[in-house]
Amino acid sequence: MRYGTFVLTPDRGWFHPKEAAFRDHDVTMVAIRNITLLADGTVVLLNELNGPTSNILDALAETEDDMIDYQLTDTDDGKLLRCHFHPTELVDSLLTLLEEFAVLPEYPLEFVEPAQSSLKLTLIAEEAALREMIDVIPEGVSVDLLRIGTYDPESKTLFSGLTERKREVVRKAVEKGYYEIPREVTCEEIAAELDCSAGTVAEHLQAIESQFVTEIVPAGYDTTARESMRPLGSS
């Protein structure tokens, strides 16, 4: 089994118009946690976003013709948006290729350049299938192959499930002794290394710690109180 890591960049700057609407409303796309093409041709997508709730809702309202329904959830590190929508021709073509070549995406898919919707993804398949699929990627999207290698499922860790920015933060925290006893560095000092605010570092580390603990010790609590269920057209 092989894997290929690629960056896909749509020539027009977005895979779906909602991405342009998000940018217009100062909402940052972080990652795609899951995406599924349904039998009826519609798509269900779980998106990680950063931005005010009101801005996200305003952006969705601008693209409501393509939307069927959505659910927006607050997390400690941003927002999770589950949306059911009608895909563009480009999105439909790309998802159909995954099925045709029996290729599995490894989540999350990361937006490495949100301003252009450049999406980094790792696909798992036989190498021949990966290379054949690249050759038939539809027009309108640029493909940069970063690497191809042997896929080792044993290498799948909690760390690899983090977004690239979170990995950078926690790697620096470990490197500088944040988790030593006693602690050898502050959030302010880590922030200076990463050219961001101490609050951002603290938020990332808190979210990472929460994610790791939840994975290690399965919780049975009800999170519905933190969710905002909004059918299309509701106020």
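Quantities reported herein were computed from a predicted structural model and do not represent experimental measurements.

Description of the overall build of the chain
Within the chain, the secondary structure is distributed over seven helices and nine strands. Going through the 235 residues of the chain one by one, you find that 41% of them count as buried. Of the contacts formed within the chain by residues at least 6 apart in sequence, a portion of 68% connects residues at least 24 apart. Looking at the chain as shown, the accessible area adds up to about 12500 Å², and 50% of this sits on carbon and sulfur atoms.

Some remarks on empty space enclosed by the protein
Space left empty within the atom packing is revealed by a probe, the size of a water molecule, rolled over the atoms. One pass over the structure, following the stated rule, counts one cavity of 30 Å³ or more. Size it by volume and the largest cavity reaches roughly 370 Å³. In this structure, the largest cavity is lined by 27 residues; those nearest its centre are Leu8, Phe15, Leu94, Leu95 and Leu119. Those elements that place two or more of their residues in the lining of the largest cavity are strand E1 (2-10), helix H1 (17-24), strand E2 (28-37), strand E3 (43-50), helix H3 (89-100), strand E6 (104-113), strand E7 (118-125) and helix H4 (127-135).

Comments concerning the pairing of E3
Of all eight residues in E3, six are buried; the element is thus mostly enclosed. Note that E2 and E3 share eight bridges and pair antiparallel. Looking across to E3, one finds that methionine 29 is bridged to leucine 49. In sequence, E2 turns back onto E3 through a hairpin of five residues, with glycine 41 there showing a positive phi of about 90°. With seven bridges joining them, E3 and strand E5 (residues 78-85) adopt antiparallel strand pairing.

Considering the pattern of salt bridges
Summed over the entire model, instances satisfying the criterion amount to 11 salt bridges. Here arginine 167 makes a salt bridge to glutamate 110, at a shortest N to O gap of 3.3 Å. Here arginine 167 is found in helix H5 (residues 164-176), whereas its partner glutamate 110 is found in strand E6, with 57 residues between them in sequence. Exposure class is identical for arginine 167 and glutamate 110. Each is buried. Across the pair glutamate 127 and arginine 131 runs a salt bridge whose closest N-O atoms are separated by 3.0 Å. In this pair, glutamate 127 and arginine 131 both sit in helix H4, four residues apart, roughly one turn of the helix. Using a relative accessible area of 43% as the deciding quantity, one classes arginine 131 as partly exposed. The structure contains a network of salt bridges with shared partners spanning Lys172, Glu175, Lys176 and Glu193.

A closer look at unusual backbone geometry
Looking along the chain, the bond that leaves tyrosine 107 and enters proline 108 is cis, with omega of 5°. For proline 108, the location among the structural elements is in strand E6. You will see that aspartate 26, though not glycine, has its phi angle at about 60°, which is positive. Even without a glycine there, the phi angle at serine 117 is positive, about 60°. Summarising the element assignment, serine 117 is placed in the loop between E6 and E7.

A few points about H1
Among the residues of H1, those classed as buried are Lys18, Glu19, Ala21 and Phe22. Mapping the buried residues of H1 onto a view down its axis gives an arc of 160°, with all of them on the same face.

Quick word on the packing of aromatic side chains
Any aromatic ring pair is given by two values, namely how distant the centres are and how the planes are angled relative to each other. Throughout the structure, instances matching the rule amount to one aromatic pair. Ring geometry for tyrosine 178 and tyrosine 179: centres 5.0 Å apart, planes at 85°, overall edge-to-face. Just above the ring of phenylalanine 85 sits the side chain of lysine 18; from NZ or CZ to the centre is 5.5 Å. Across the ring face of tyrosine 178, the terminal group of arginine 183 is positioned such that the distance to the ring centre comes to 3.9 Å.

Some points on the confidence of the model for the chain
The predicted model of the chain has a mean per-residue pLDDT of 85, with 86% of residues at 70 or higher. Counting contacts from residues 218-231, a segment whose pLDDT is below 50, to residues more than four positions away or on other chains yields 14 contacts.

The rules behind each value
By convention here, each chain's residues receive numbers from 1 onward along its written sequence. Since the coordinates come from a predicted model, pLDDT governs what is reported: local features require at least 70, and pairs of side-chain atoms require 80 or more to be given and counted, while whole-chain, interface and lining totals use all residues. Hydrogens and waters are ignored; side-chain quantities use all the structure's heavy atoms. Under the scheme used here, helices are H or I runs from DSSP no shorter than 4 residues and strands are E runs no shorter than 2 residues, and both carry numbers assigned from the N terminus. A 1.4 Å probe rolled over the protein chains alone gives each residue an accessible area, and that area as a share of the maximum for its type sets the label: buried under 20%, exposed over 50%, partly exposed in between. When checking whether two residues touch, look at their non-hydrogen atoms; a contact exists if any pair is within 4.5 Å. Here the Shrake-Rupley method, with its probe set to 1.4 Å, supplies the accessible areas, and only the displayed protein chains count as covering residues. For cavity detection a 1 Å grid was placed over the protein atoms alone, and a set of points counts as a cavity when a 1.4 Å probe fits there but cannot get out; an open set counts as a pocket when protein lies on both sides within 12 Å along at least five of seven lines, with lining residues being those that have an atom within 4 Å of a point. Grid points are joined across faces, edges and corners, and a volume is the space filled by probe spheres set on the points. DSSP bridges decide pairing: two strands pair if at least two such bridges lie between them. The term salt bridge refers to a side-chain nitrogen of Lys or Arg lying within 4 Å of a carboxyl oxygen of Asp or Glu. Read the arc as the range of directions from the helix axis to the C-beta atoms. Put simply, two rings from Phe, Tyr or Trp (the six-membered ring, in Trp's case) pair if the centres are within 6.5 Å, and we call them stacked under 30 degrees between planes, edge-to-face over 60, tilted for the rest. Placement of a charge over a ring requires the Lys NZ or Arg CZ to be within 6 Å of the ring centre, with the centre-to-atom vector within 35 degrees of the ring normal. Here pLDDT means the predictor's own confidence in every residue, given as a number from 0 to 100.

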